Amino acid sequence: MSVDTLTAADPIRLEVALGERAYPILIGAGLLERAGEWIAPLLKGRRRVVVITDTNVGPLHLPRLTAGLAAAGISVDTVTVPPGEGSKSWAGIADLVDQLLDLRVDRGTLLLALGGGVIGDLVGFAAAITMRGVDFVQIPTTLLAQVDSSVGGKTGINTKAGKNLVGSFHQPRLVLADMDCIATLPPRQLRAGYAEIVKHTVLGDAAMFAWLEAGGGAALLAGDRAALAKAVRHSCETKAAIVAADEREGGQRALLNLGHTFGHALEAETGFSDTLLHGEAVAIGMVQALDLSVRLGLCPAADKARLVAHLVACGLPVDQKACGGPFDPATLVAHMRLDKKAKAGELTFVLCTGLGSAIVRDGVPESDVLPVLSEAH
């Protein structure tokens, strides 16, 4: 269908092709009001679900969702958690699982994750470990979650050692990406989500990056519905194809971490707080990844300059100064050594051979990384 006629009656439908665990991604407007139509076929036994949301998202979107479920005769229990990365913790997951058990969930209970990336990661992990595994649905309400974290089955929590170091691969049964939720996002959150859209083009689609650069990105950030749907669809198609080919990140899926090794180190150094949103960290991390790529002779310097210019034009940070830095390079490298891609303590990075082309490089010497972290950018 055309993204210009995006409706609940005819949403864009994509599929994450994982055999018997395949699931659809629906992208459209007004999907919460009709959620019962797609969720009812997933229920086992009782027509009951548990919705987990946070205190920011609940007042905005929970009434529409519960009304849509009630229209299909589905009853709802709700668990509300505090917003922010602080909920993705040992204490947060323990409290959520305890509340689910207090609600007498069983293996037939379907959990609905209504919120951004934090809620999706937290609820997905709870679904993976409660009763040794229950089904869940991703209902992402932020742009970042719609284009990235809701697809692919990565779930988890943060620890003192780093971001998402404890978790599980646990695929959802369905992803409902309602474009109406994006209209309630603060501009900063919208820009943070946009960084992940840029990431998907930088790692694999130079033509799409050029479209963003030529005005598509500006239109999206200004609220153009067709531009938004085009970008969300592109990101979901990109991620769905990579996940289907490499579900557990044995190779190709690591490309989706472009900018994340640098970005996660910055998030750790800023305490996983609102000082630096995840998408903002990815924006800075992408610039640093391209800087390293240029220094290693893999990527033209002009491509890094194009990325920096576009991110700046869209209001995204491109250097550590935006989050209180610069930070001690050795400290940041210490965070990176805890990255999930690191092997035997050696640093692994997703690098670029140009805009639209990414590779995974193992064993990058610390001596090559430290100058990147020492620069102001």
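From a predicted model like this one, the values you see are computed outputs, not experimental measurements.

Participant: For this particular structure, what's the right way to read the overall build of the protein chain?
Facilitator: Within the protein chain, the regular secondary structure consists of 13 helices and eleven strands. Taken against the 2.2 N^0.38 rule, which gives 21 Å for 377 residues, the C-alpha radius of gyration of the protein chain at 20 Å falls within 12% of a compact globule. Along the first, second and third principal axes, the C-alpha set of the protein chain runs to 60 × 45 × 35 Å. Counting only residues that meet the buried cut, the protein chain has 58% of its 377 residues in that class.

Participant: I would appreciate a short explanation of the packing of aromatic side chains in the present structure.
Facilitator: Two measures describe an aromatic ring pair: the distance that separates the ring centres and the angle between the ring planes. Scanning the entire structure with this criterion turns up one aromatic pair. Cation over ring: K230 sits above W211, and NZ or CZ is 5.1 Å from the ring centre.

Participant: Would you explain empty space enclosed by the protein in this entry?
Facilitator: Unoccupied space between atoms shows up once a probe the size of one water molecule is rolled over them. Scanning all chains against the criterion turns up three cavities of 30 Å³ or more. Empty space within the largest cavity amounts to approximately 120 Å³. Lining the largest cavity are 14 residues, with G162, K163, H264, H335 and D339 positioned closest to its centre. For the lining of the largest cavity, the secondary structure elements donating two or more residues are β8 (162–169), α9 (260–269) and α12 (329–336). In the lining of the largest cavity, the residues fall into seven nonpolar, four polar and three charged. Roughly 50 Å³ of volume is contained in the second largest cavity. Lining the second largest cavity are K154, E249, N257, H260, H264, D339, K340 and K341.

Participant: Can you help me understand α9 in this one?
Facilitator: The element α9 is largely enclosed, with a buried count of nine among its ten residues. Buried residues along α9 sit against β8, α6 (187–204), α10 (278–295), α12, β10 (347–354) and α13 (366–374). Looking one or two residues past α9, G271 carries a phi angle of roughly 75°, positive in sign.

Participant: I'm lost on the environment of G285 in this one. Help?
Facilitator: Looking at the element boundaries, G285 is found in helix α10. For the pair G285 and G271, spaced 14 residues apart in sequence, the C-alpha to C-alpha distance is 16 Å. Excluding anything up to four places from it in sequence, G285 contacts G259, F262 and G263.

Participant: Mind showing me how you'd approach the nonpolar core here?
Facilitator: Across soluble globular proteins, you tend to see nonpolar side chains buried next to one another. Counting 71 residues, the largest nonpolar core has L143 and V369 as the members making the most contacts within it. If you tally residues by element for this core, the top one is α10, at nine residues. In this structure, L32, I39, L65 and I139 belong to the second largest nonpolar core, which totals 24 residues.

Participant: What exactly am I supposed to notice about the pattern of salt bridges here?
Facilitator: Two side chains carrying opposite charge are able to pair once their charged atoms lie near each other. Within the structure shown, the criterion is met by 21 salt bridges. Note that D77 and R48 form a salt bridge whose closest N and O atoms lie 2.9 Å from each other. Of the two residues, D77 is situated in strand β4 (residues 75–81) and R48 in strand β3 (residues 48–54); the sequence distance between them amounts to 29 residues. E267 serves as the salt-bridge partner of K163, at 3.3 Å between the closest nitrogen and oxygen.

Participant: Can you walk me through α6 in this structure?
Facilitator: Spacing of three or four residues puts side chains on the same side of an α-helix, whose turn is 3.6 residues. Look at α6: 26 Å from first C-alpha to last across 18 residues, which is about the 26 Å you get at 1.5 Å a residue. For α6, the tally of buried residues reaches 13 of 18 residues, placing the bulk of the element in the interior.

Participant: Help me understand the pairing of strand β9 (residues 175–178), please; the structure alone is not making it clear to me.
Facilitator: Regular strands show a simple pattern: their side chains alternate between the two faces of the sheet. Here β9 shows a buried face lined by V175 and A177 and a second buried face lined by L176 and D178. With four bridges connecting them, strand β2 (residues 23–28) and β9 associate as parallel partners. Bridging from a neighbouring strand, G28 pairs with D178 of β9.

Participant: So what exactly am I meant to see when it comes to the pairing of β3 here?
Facilitator: Burial analysis of β3 places seven of its seven residues in the buried class, the great majority of the element. Burial of the side chains of β3 extends over both faces: R48, V50, I52 and D54 are buried on one face and V49, V51 and T53 on the other. Sheet topology note: the β3/β4 ladder contains seven bridges and is parallel. Its bridge partner being in β4, T53 is matched across the sheet by T80. In this fold, β3 hands off to helix α2 (residues 57–70), which returns the chain to β4; that crossover is right-handed. Bridge count between β3 and strand β5 (residues 110–115): four bridges; the pairing is parallel. Within the sheet, the bridge partner assigned to V51 lies in β5 and is L112.

Participant: In this structure, what is going on with the packing of α10 against α13? I would like to understand it.
Facilitator: It is at 10 Å that the axes of α10 and α13 come closest, and there the two elements cross at 130°. Compared by their axis directions, α10 and α13 come out oblique. α13 is crossed by α10, and the crossing has right-handed handedness. When α10 is examined against α13, the residues Q288, D291, L292 and R295 are found in contact with a partner set consisting of D368, V369, P371, V372 and L373. In terms of residue class, the contact of α10 with α13 is built from five nonpolar, one polar and three charged.

Definitions and cut-offs
- Residues numbered from 1 in each chain as written.
- Predicted model: local features only at pLDDT ≥ 70, side-chain atom pairs only at ≥ 80, totals over all residues.
- Heavy atoms only, no water.
- Helix = DSSP H or I, 4+ residues; strand = E, 2+ residues; numbered from the N terminus.
- Rg over C-alpha atoms; globule rule 2.2 N^0.38 Å.
- Buried < 20%, exposed > 50% of the residue type's maximum accessible area, 1.4 Å probe, protein only.
- Phe/Tyr/Trp six-rings, centres within 6.5 Å; stacked < 30°, edge-to-face > 60°.
- Lys NZ or Arg CZ within 6 Å of the ring centre and 35° of its normal.
- 1 Å grid on protein atoms, 1.4 Å probe; cavity = no way out; pocket = protein on both sides within 12 Å on 5 of 7 lines; lining within 4 Å.
- Points joined across faces, edges and corners; volume = space filled by probe spheres on them.
- Nonpolar A, V, L, I, M, F, W, Y, C, P; charged D, E, K, R; others polar.
- Contact = heavy atoms within 4.5 Å.
- Core = buried A, V, L, I, M, F, W, Y, C linked by side-chain atoms within 4.5 Å.
- Salt bridge = Lys/Arg side-chain N within 4 Å of Asp/Glu carboxyl O.
- Expected span 1.5 Å × (residues − 1).
- Pairing = 2+ DSSP bridges.
- Right-handed = clockwise from strand over helix to strand, strands pointing away.
- Axes fitted to C-alpha atoms, helices over the stretch in contact; angles between N-to-C directions.
- Parallel < 35°, antiparallel > 145°, perpendicular 65-115°, else oblique.
- Left-handed = near helix turned anticlockwise from the far one by under 90°.

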